[in-house]
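Tertiary structure, described
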Amino acid sequence: MAANKKLMFLPGDGIGPEVMGQVRKVIDWLGDNRALTFDLDEGLVGGAAYDAHGDSISDETMADSMAADAVLLGAVGGPKWDHVAYEKRPEAALLGLRKNMDLFANLRPAVVFDALIEASTLKPEIVNGLDILILRELTGGVYFGEPKELVDLPDGSQRAVDTQVYTTGEIERIVRVACEMAKKRSNKVTVAQKANVMQTGVLWRDVSQALHDREFPEVEMSQMYADNAAMQLIREPKQFDVIVTDNLFGDVLSDEAAMMTGSLGMLPSASLGAADPVTGKRYALYEPVHGTAPDIAGQDKANPMATVLSFAMMLRYSFDMADDAELIEQSAKNVLASGMRTGDIMTPGSQLVSTTQMGEALLAEMTKLTS
Ligand code: NAD
């Protein structure tokens, strides 16, 4: 029998521990009902780690996270730590994890649940059944390129420069992830770039196309200008399956796509690093898109779905356990369809439930679907 996968839990601050608690229950359920067991380790991160030992993540927790097959993080930060020195602030732990694992690919699915269709700002017929994945390059591009400066000019005005830089290798590695993901989905990749006005756009277009022709001829690839992609996302989002793009365009397009789904409490994400050529192991950090929600922390009010769905992404993309991921996702859909809602997605006529009740409903649905 294959060894258990090593899973690192980093609940963090605010609602982090509450929503992660529901994932623990899902993991226990998988052990009891599907004989699926994990080696689970847990560490402090963010403000919780700062309170315990004066830093946002200890060397030991960082090492344990690096050694794990995948990391699940709740959220970090909150007003309590606003005064903390820059290099020790809660967010520093996240940045450290991303840097040490070289997490260059950020995955943000935009899935519209039938039951929440009214929460979308778009018309139901445009978004019903929507299931797309935005892949954003996370470690390069204009946010990091040099020179990056704001200079005072002799005439008293200022001049600002940001530099968009990409290399063949940086583009190839994320487009490769996009093609691999597409093969597990609907087999379509759209590359969003600006080859009409940017040299980096020309490189994105040519490198992605060449990689496709060489390694993934069976995947359908199309090229689209990023501004058109922004328009098409609103006009006809269901034409897309996987969209892969640079750091800047990805920042914008992933937020645009998120809005179609209506709620922060429902949005999962993943960040992936390179695969080890020998073992195939890929660094991976999964986390909900939302933050620590200090306004509702500790009150059993948070929506655990984004974190549970992040765990489902882990099963699919890190562990190739698509069936189990689907079971969780379908259960989430059914629970919402039954009318249960946490406060963030509450609508008139629905049943307001707590974090714990939502988690329990999810388990009951998983049991129902498999019995
Ligand atoms: P937030 O996402 O924490 O909250 C925004 C609003 O959405 C709040 O009203 C909150 O109650 C609500 N909300 C968020 N998640 C919810 C959930 N699961 N269920 C129900 N309601 C939910 O963003 P913010 O208020 O801007 O930030 C709060 C803190 O979180 C800050 O310290 C910020 O730095 C941190 N933060 C951390 C991360 C992260 O760890 N990745 C991301 C964003 C913000």
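Above this note sits the structure.
Below is a summary of the structure that appears in this document. Bear in mind the structure is a predicted one, so any value in this text is a computation, not a measurement. (Residues numbered from 1 in each chain as written. Predicted model: local features only at pLDDT ≥ 70, side-chain atom pairs only at ≥ 80, totals over all residues. Heavy atoms only, no water.)

1. A word on the site of the ligand
As a reminder of what qualifies: Nearness here has a simple test: a residue counts as near a molecule or strand if at least one of its heavy atoms is within 4 Å of that partner. The definition of a polar contact used here is a pair of N or O atoms within 3.5 Å, where within protein one atom must be able to donate a hydrogen and the other to accept one, and adjacent residues in sequence count solely through side-chain atom pairs. Only the protein chains shown count as cover for residues, and the accessible areas themselves come from Shrake-Rupley with a 1.4 Å probe. Gly falls in the polar group here, along with every residue not listed as nonpolar (Ala, Val, Leu, Ile, Met, Phe, Trp, Tyr, Cys, Pro) or charged (Asp, Glu, Lys, Arg).
Close to the ligand lie 20 residues, the nearest being Val76, Gly291, Ala293, Asp295 and Asn303. For the ligand, an oxygen atom lies 3.2 Å from a polar atom in the side chain of glutamate 91. The backbone of asparagine 303 places a nitrogen or oxygen atom 2.8 Å from a nitrogen atom of the ligand. In isolation the ligand has 800 Å² of accessible area, and contact with the protein removes 67% of it. Taken together, the residues of the shell around the ligand break down into 9 nonpolar, 7 polar and 4 charged.

2. A word on the pattern of salt bridges
Note the threshold: Definition used for salt bridges: Asp or Glu carboxyl oxygen within 4 Å of a side-chain nitrogen of Lys or Arg. Starting at the N terminus, helices and strands are each numbered in turn, a helix being any DSSP run of H or I of at least four residues and a strand any DSSP run of E of at least two. For the exposure calls, accessible area comes from a 1.4 Å probe over protein chains only, and a residue counts as buried if that area is under 20% of its type's maximum, exposed if over 50%, partly exposed in between.
Evaluated as defined, the whole model comprises 22 salt bridges. Put simply, glutamate 287 and arginine 98 hold a salt bridge, and the shortest N to O gap is 3.3 Å. Of the two residues, glutamate 287 is situated in strand 12 (residues 282-288) and arginine 98 in helix 4 (residues 90-100); the sequence distance between them amounts to 189 residues. On the accessibility criterion, glutamate 287 (8% relative accessible area) is buried. When the shortest N-O distance is used, the salt bridge between arginine 316 and glutamate 326 registers 3.8 Å. A residue pair is termed long-range when its members are at least 10 positions apart, and arginine 316 in helix 10 (residues 305-317) and glutamate 326 in helix 11 (residues 322-337) qualify at 10 residues. A residue is classified by how much of its surface remains accessible, and arginine 316, at 13% relative accessible area, is buried. The structure contains a network of salt bridges with shared partners spanning Glu172, Arg176, Arg214 and Glu215.

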